[in-house]
Amino acid sequence: AQTQSSATTGSELLNHYEEGTFTPGITDGSNAGATSFQVGRYTRIGNRCCCDFAITLNASTGKDGMTGSAAFLVSGMPFTSKANFGQAQGAVRNQGFTAADDKPFSGELSNGTTNARFHVFKGAQTQQLLLVSDATNGDFLACSVVYEVA
């Protein structure tokens, strides 16, 4: 709405609309990895951000220097997510990532960060974080996620 009505709401004014691109990267939370392909696009409407991104780990040095037991993260989302929101979920497509072969795989934005993390459902409905050790240099990942902006 361009003007606010007399209805009782928190806010109905559209106070932020933005479209753009960003450059996603990979990290274990402390150390960055290398990608050979990375693309990110977003649309922000009010306090919601809709992101689509894709990355390919560099075939020779992709995860070099990253800690194998750490969570595999995609960094550089365009806006910090709201803390205490309950991680917004997203759809994921991947090629490689040994832990995710033929298993349900989901992405989410961690609370209060600009990092996306991923979950793999293994055996008896057990959900586990995707780890750096699950990735192989040259693997591909694409994700769409909608989240609330801080």
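This text gives an overview of the structure that appears in the document. (Residues numbered from 1 in each chain as written. Predicted model: local features only at pLDDT ≥ 70, side-chain atom pairs only at ≥ 80, totals over all residues. Heavy atoms only, no water.)

## Points about the nonpolar core
Grouped burial of nonpolar side chains is what soluble globular proteins tend to show. Cut-off, in case you're wondering: By convention a nonpolar core is built from buried Ala, Val, Leu, Ile, Met, Phe, Trp, Tyr and Cys residues, the set being connected through side-chain atoms within 4.5 Å. A 1.4 Å probe rolled over the protein chains alone gives each residue an accessible area, and that area as a share of the maximum for its type sets the label: buried under 20%, exposed over 50%, partly exposed in between. Runs of H or I in DSSP of at least four residues are treated as helices and runs of E of at least two as strands, each being numbered from the N terminus.
Phe53, Phe72, Val74, Met77, Phe118, Leu141 and Tyr147 are the most contacted members of the largest nonpolar core, which totals 28 residues. Mapped onto this core, the elements with two or more residues apiece are strand 4 (48-57), strand 7 (105-109), strand 8 (116-122) and strand 10 (140-148). Here the element with the most residues in this core is strand 4; it accounts for five residues.

## Overview of the side chain of His119
How we decide: In protein, a polar contact requires one atom able to donate a hydrogen and another able to accept it; more generally it is a pair of N or O atoms within 3.5 Å, and residues adjacent in sequence count only if both atoms are side-chain atoms. Note on contacts: a residue pair is in contact if any heavy atoms of the two residues lie within 4.5 Å.
Among the secondary structure elements, His119 is positioned in strand 8. Judged by its relative accessible area of 9%, His119 is buried. Side-chain polar atoms of His119 contact the side chain of Glu108, separated by 3.0 Å. In this structure, His119 is in contact with Pro104, Phe105, Ser106, Glu108, Gln127, Gln128, Leu129 and Leu130, ignoring residues within four places of it in sequence.

## Quick look at the packing of aromatic side chains
What counts is decided by this rule: Any Phe, Tyr or Trp ring, taking Trp's six-membered ring, that has another such ring centre within 6.5 Å forms a pair; planes under 30 degrees apart are called stacked, those over 60 apart edge-to-face, and the others tilted.
Tallying each qualifying case throughout the model produces four aromatic pairs. Ring geometry for Phe22 against Tyr42: centres 6.4 Å apart, planes inclined by 50 degrees, an arrangement best described as tilted. Pair noted here: Phe22 is in strand 1 (residues 17-22) and Tyr42 is in strand 3 (residues 35-45), with a separation of 20 residues, a long-range link. When sorted by exposure, Phe22 lands in the same class as Tyr42, which is buried. For the ring pair Phe72 and Phe97, a centre distance of 5.2 Å and an interplane angle of 75 degrees mean the geometry is edge-to-face. One end of the pair, Phe72, is in the loop between strand 4 and strand 5 (73-75); the other, Phe97, is in the loop between strand 6 (89-95) and strand 7, with 25 residues separating them in the sequence. Phe72 sits in the buried class, given a relative accessible area of 0%. Ring-pair connections join several aromatic residues into one group, and the members of that group are Phe22, Tyr42 and Phe79.

## Examining the pattern of salt bridges
What counts is decided by this rule: In the sections that follow, a salt bridge refers to a side-chain nitrogen of Lys or Arg positioned within 4 Å of a carboxyl oxygen of Asp or Glu.
Across all of its chains, the model carries two salt bridges by this definition. When the shortest N-O distance is used, the salt bridge between Glu148 and Lys82 registers 3.5 Å. Residue Glu148 is located in strand 10, and its partner Lys82 is located in the loop between strand 5 and strand 6; the two are separated by 66 residues in the primary sequence. Residue classification places Lys82 among the partly exposed positions, given a relative accessible area of 37%.

## Regarding the environment of Val145
Take Val145: it is sitting in strand 10. On the basis of relative accessibility, which here comes to 3%, the residue Val145 falls in the buried class. The sequence separation of Val145 and Cys50 amounts to 95 residues, and the corresponding C-alpha distance is 5.9 Å.

## Quick notes on the pairing of strand 7
Our working definition: Paired strands, in this sense, are two strands between which DSSP finds at least two bridges.
Buried residues dominate strand 7, accounting for five of its five residues. The alternating pattern of strand 7 places Phe105, Gly107 and Leu109 on one face and Ser106 and Glu108 on the opposite face, and all of these are buried. Relative to strand 7, strand 6 runs antiparallel, the two sharing three bridges. When the sheet's bridge partners are listed, Ala91 is paired in strand 7 with Ser106.

By themselves these figures say nothing about function.
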